[in-house]
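# Working through the structure, step by step
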Amino acid sequence: EWSVEAGDWTFLHTPTDAPYRATVTLRASRIPYEVEPDDLEALRDGAVTGVETIPGVHVERVEAETVASLIDIEIEHTHDADPTASEQPNRRRRWLRVMFQRDVQFSVSAEADDGDAFSYWRPAFMSLMRMAIFADWTAEMTGRSWEALDAAVGEIGPDGDDLE
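A brief look at the structure comes next. Remember, it's a predicted structure, so these values are computed and weren't measured experimentally. (Residues numbered from 1 in each chain as written. Predicted model: local features only at pLDDT ≥ 70, side-chain atom pairs only at ≥ 80, totals over all residues. Heavy atoms only, no water.)

## Quick notes on the environment of I54
Positionally, I54 belongs in the loop between α1 (40-51) and β4 (58-67). When the C-alpha positions of I54 and D80 are compared, they lie 7.9 Å apart, and in sequence the two are 26 residues distant. (Helix = DSSP H or I, 4+ residues; strand = E, 2+ residues; numbered from the N terminus.)

Written out as structure tokens, the structure is:
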């Protein structure tokens, strides 16, 4: 069972008995402006530039696309982890996905030691990255907004229909 550390960011930590340690970080926040599909290049370049400030970084993969009004950016990279006083820096691998819809940014970051640890957790990371959806984008695709139904009583089915 993953444990949760809440705060400005939400951190999920692997179980203590897991063969390798990993961390997943989630964050959703409002940003001071509304993004549009034409902002894809600037947002992608800004994200890559930010990642490139990490010590010892090597960017291995960058993918960015728009689907309707959703902007979706993925960056996979390795970097030097901050060593504690008792250990040497080690290489970490991070898979970062950042999605934008209007004035909301949603980020998912999955990280483990480079090599066997990341390979071990990659299937779980893949599921997490592919299952993370932006509710507004889903509403745009189905024609039914969660915002309009937020105050509605009842359960909503997979097609956006009321189940009651």
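## Considering the pairing of strand β6 (residues 91-101)
Of all the eleven residues making up β6, ten are buried; the element is thus mostly covered by neighbouring parts of the structure. Judged from the ten bridges that link them, strand β5 (residues 70-80) and β6 form a sheet pairing that is antiparallel. Directly across from I71, in β6, lies its bridge partner F100. As defined by bridge partners, β6 adjoins strand β7 (residues 104-113) across ten bridges and the pair is classed as antiparallel. In the sheet register, F100 faces β7, and the bridge partner there is Q105. Two successive antiparallel strands, β6 and β7, enclose a turn made up of two residues, where R102 displays a positive phi of approximately 50°. (Buried < 20%, exposed > 50% of the residue type's maximum accessible area, 1.4 Å probe, protein only. Pairing = 2+ DSSP bridges.)

## A look at the packing of aromatic side chains
Counted according to the given criterion, the structure contains three aromatic pairs. When the centroid spacing of 5.5 Å and the interplanar angle of 55° are considered together, the rings of Y20 and Y120 count as tilted. Of this pair, Y20 sits in the loop between β2 (10-13) and β3 (22-30) while Y120 sits in helix α2 (residues 116-131); the two residues are 100 residues apart in sequence, bridging distant segments of the chain. The rings of Y20, Y120 and W121 are connected pair by pair, giving a single aromatic cluster. (Phe/Tyr/Trp six-rings, centres within 6.5 Å; stacked < 30°, edge-to-face > 60°.)

## Regarding the pairing of β4
Bridge analysis of β4 against β5 gives nine bridges, and the strand direction is antiparallel. By the bridge assignment for β5, R61 is matched with E76. Adjacent in sequence and paired antiparallel, β4 and β5 are bridged by two residues, among which A68 carries a positive phi angle near 55°.

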